[in-house]
Amino acid sequence: MGNMLYNQYFATAAYFTVTGLMMILFLSIFELVTRYRVWHELKQGNMAVAMATGGKIFGIANIFRYSIQEHASMGQALIGATFGYFLLLVGYFIFEFMTPSYNIDEEIAKDNRAIGFIAMVLSIGFSYIIGASLTR
């Protein structure tokens, strides 16, 4: 299989498939740690949840982008991206910890778009820092 990754088209399909599966796994983990039901809230039109979730999706994809560019093998890229994802998850917990006067998850569930926007930007911002660190 290693030789097949030298084919640009096969490699693209392989990375797309693996990254898509990991995205589903990582979003499921985020779903477990939030106090609201992401997909239910999205169906209800909750824009704060949409922004926060969109930031997480972008953040995960961005970390994978950096990891794929930096690592020669699929396995190394997965290890790097998984490590980066856990740092992104820690960033979310830090955001929650740094705002003791209110609960981030509750505010997002109440469609507080300002909080949803900040959650989105933090996920995107942290993903750039994490990704750049993976390439050192």
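Residues numbered from 1 in each chain as written. Predicted model: local features only at pLDDT ≥ 70, side-chain atom pairs only at ≥ 80, totals over all residues. Heavy atoms only, no water.

A few points about the packing of helix 1 (residues 8–33) against helix 4 (residues 74–97)
Link 1 in the chain: For the pair helix 1 and helix 4, the least separation of the axes is 11 Å and the interaxial angle reads 25°. Classified by the angle their axes make, helix 1 and helix 4 are roughly parallel. Here helix 1 and helix 4 pass one another in a crossing that is right-handed. Facing helix 1, whose interface residues are Ala14, Tyr15, Val18, Met22, Phe26, Ile29, Phe30 and Val33, helix 4 presents Met74, Ala77, Leu78, Ala81, Thr82, Tyr85, Leu89, Tyr92 and Phe93.
Link 2 in the chain: When the residues that make up the contact of helix 1 with helix 4 are grouped by side-chain class, the tally is 16 nonpolar, 1 polar and no charged. (Axes fitted to C-alpha atoms, helices over the stretch in contact; angles between N-to-C directions. Helix = DSSP H or I, 4+ residues; strand = E, 2+ residues; numbered from the N terminus. Parallel < 35°, antiparallel > 145°, perpendicular 65-115°, else oblique. Left-handed = near helix turned anticlockwise from the far one by under 90°. Contact = heavy atoms within 4.5 Å. Nonpolar A, V, L, I, M, F, W, Y, C, P; charged D, E, K, R; others polar.)

Re the pattern of salt bridges
Link 1 in the chain: Here the structure, examined in full by the defined rule, presents 2 salt bridges.
Link 2 in the chain: Linking Lys110 and Glu107 is a salt bridge whose minimum nitrogen-to-oxygen distance equals 3.3 Å.
Link 3 in the chain: We classify Lys110 as exposed; its relative accessible area is 59%.
Link 4 in the chain: Accessibility expressed as a relative area gives 17% for Glu107, which makes it buried.
Link 5 in the chain: Linking Asp111 and Arg113 is a salt bridge whose minimum nitrogen-to-oxygen distance equals 3.2 Å. (Salt bridge = Lys/Arg side-chain N within 4 Å of Asp/Glu carboxyl O. Buried < 20%, exposed > 50% of the residue type's maximum accessible area, 1.4 Å probe, protein only.)

Geometry only, nothing functional implied.
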